[in-house]
Amino acid sequence: MMRLLGRATSGNVQKVVFLLEELGTPYAREDYGRQFNNTADAAYLALNPNGKVPTLVDGATVVWESNTILRYLANTAGAEGAVLYPADPAARSTVERWMDWLLASLNNPYMGLFREAKKPAAERAATWAADAKDMATQLGILDGAMGGPWIAGAAFSLADVALAPIVHRCLGFPIELPALANVRAWHGRVAAHPAFKTATAA
Ligand SMILES: N[C@@H](CCC(=O)N[C@@H](CS)C(=O)NCC(=O)O)C(=O)O
């Protein structure tokens, strides 16, 4: 059975749990990271030299980087995986661009706000306002680009899986955001997936 190493509270672990649950793939998640204090051990670093979670162990295959894990799982999941991650290059690019955008554009303000949101408002770093503005801009871009019920258009895809746990948190930060009607409607659709509920329960 596949092993997923990573704490349930990590957004990047939640992406992978969402997909494993959605595909109905048997897996065992093991607690690694932060409070478990076990990702700097030599045994873990031999699997993932970043000392970060998640790491997926599938027999002799070890995969790290959450978006790479999503692609690996889709590529090994047969017909259902091919719907989530289409082989046609043009269709695939509509999925991958948002997975890359998540890391390249949304992640920076997300991480800044995520770190500071835990503090009382008066103690937040000066970067809070700039990150909030950037977050509003990035989510506005996503909102304006959505041309269908799902991130990549008509079909639910890896882009939805990758973005959902993170955007879910972004919408919950105590910051001013534009209306984001498309993003909020999409969030409601994703949140109705039992697999998403399981992934984000922690
Ligand atoms: N780009 C990496 C980021 C991995 C990462 O930063 N993971 C965080 C949790 S979301 C982590 O390991 N934090 C330290 C810890 O939990 O010990 C990925 O997508 O897998």
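None of the values given here were measured: they were computed from a predicted structure. (Residues numbered from 1 in each chain as written. Predicted model: local features only at pLDDT ≥ 70, side-chain atom pairs only at ≥ 80, totals over all residues.)

1. Description of the overall build of the chain
So, step 1. From N to C terminus, the chain includes 9 helices and 4 strands.
So, step 2. When the helices and strands of the chain are placed in sequence order, the string is β-α-β-α-β-β-α-α-α-α-α-α-α.
So, step 3. Its C-alpha atoms put the chain at 45 × 40 × 25 Å along the principal axes.
So, step 4. Considering the chain as a whole, with its 202 residues, one finds that 34% of them fall into the buried category.
So, step 5. Across the chain, the fraction of contacts at a sequence separation of at least 24, relative to all contacts at a separation of at least 6, is 67%. (Helix = DSSP H or I, 4+ residues; strand = E, 2+ residues; numbered from the N terminus. Buried ≥ 20, exposed ≤ 12 C-beta atoms within 10 Å, placed from the backbone. Contact = placed C-beta atoms within 7 Å.)

2. Describing the packing of helix H1 (residues 11–23) against helix H3 (residues 66–75)
So, step 1. Relative orientation of the contacting elements H1 and H3 amounts to 10 degrees, with a least axis distance of 9 Å. Of the possible angle classes, the one that applies to H1 and H3 is roughly parallel. Here Asn 12, Lys 15, Val 16, Leu 19, Leu 20 and Leu 23 of H1 come into contact with H3, specifically with Ser 66, Ile 69, Leu 70 and Leu 73.
So, step 2. Tallied by class, residues from the contact of H1 with H3 come to 7 nonpolar, 2 polar and 1 charged. (Axes fitted to C-alpha atoms, helices over the stretch in contact; angles between N-to-C directions. Parallel < 35°, antiparallel > 145°, perpendicular 65-115°, else oblique. Nonpolar A, V, L, I, M, F, W, Y, C, P; charged D, E, K, R; others polar.)

3. Description of the site of the ligand
So, step 1. Lining the immediate surroundings of the ligand are Arg 7, Ser 10, Gly 11, Asn 12, Gly 33, Arg 34, Thr 39, Lys 52, Val 53, Pro 54, Glu 65 and Ser 66.
So, step 2. Residue composition of the shell around the ligand, grouped by class: 2 nonpolar, 6 polar and 4 charged. (Near = placed C-beta within 6 Å.)

4. Topic: unusual backbone geometry
So, step 1. The step from Val 53 to Pro 54 runs through a cis peptide bond, and the omega angle for that step is 10 degrees.
So, step 2. Within the fold, Pro 54 resides in the loop between helix H2 (42–47) and strand S3 (55–58).
So, step 3. In the Ramachandran plot, Arg 34 falls in the positive-phi region, its phi being about 25 degrees despite a non-glycine side chain.
So, step 4. Summarising the element assignment, Arg 34 is placed in the loop between strand S2 (27–30) and H2.
So, step 5. The phi dihedral of Asn 37 is positive, around 55 degrees, even though this residue is not glycine.

5. So, the pairing of S3
Strand residues, when the strand is regular, have side chains that alternate between the two faces of the sheet.
So, step 1. Two strands pair when backbone bridges link them, and strand S1 (residues 2–5) and S3 are joined in this way by 3 bridges, in the antiparallel orientation. Across the sheet, residue Arg 3 finds its bridge partner in S3, namely Val 57.
So, step 2. Taken together, the 4 bridges between S3 and strand S4 (residues 61–64) define a ladder with antiparallel strand orientation. Bridged to Thr 55 within S4 is Trp 64.
So, step 3. Between S3 and S4, which pair antiparallel and follow one another directly, the connecting turn spans 2 residues, one of which, Gly 59, has a positive phi of 60 degrees. (Pairing = 2+ DSSP bridges.)

6. Focus on the environment of Trp 101
So, step 1. Tracing the backbone shows Trp 101 in helix H5 (residues 89–117).
So, step 2. Note: C-alpha distance between Trp 101 and Leu 84 (17 residues apart in sequence) is 18 Å.

7. Observations concerning the domain arrangement of the chain
So, step 1. We note that the domain assignment places domain 1 (2–82) and domain 2 (86–197) within the chain.
So, step 2. Averaged C-alpha coordinates put domain 1 and domain 2 at centres separated by 21 Å.
So, step 3. On the side of domain 2, 14 residues touch domain 1, which itself brings 12 residues to the contact.
So, step 4. Only H1 and H3 provide two or more residues apiece to the side of domain 1 that touches domain 2.
So, step 5. Ranked by residue count, the leading element in the side of domain 1 that touches domain 2 is H1, at 7 residues.
So, step 6. Considering only residue class, the side of domain 1 that touches domain 2 consists of 5 nonpolar, 3 polar and 4 charged. (Domains from an automatic or database assignment.)

8. Some points on the environment of Val 190
So, step 1. The residue Val 190 is located in helix H8 (residues 181–191) in this model.
So, step 2. Residues Val 190 and Pro 149 lie 41 residues apart in sequence; the distance between their C-alpha atoms is 9.9 Å.
So, step 3. Residue contacts for Val 190: discarding those within four places in its chain leaves Asp 160, Ala 164 and Phe 196.

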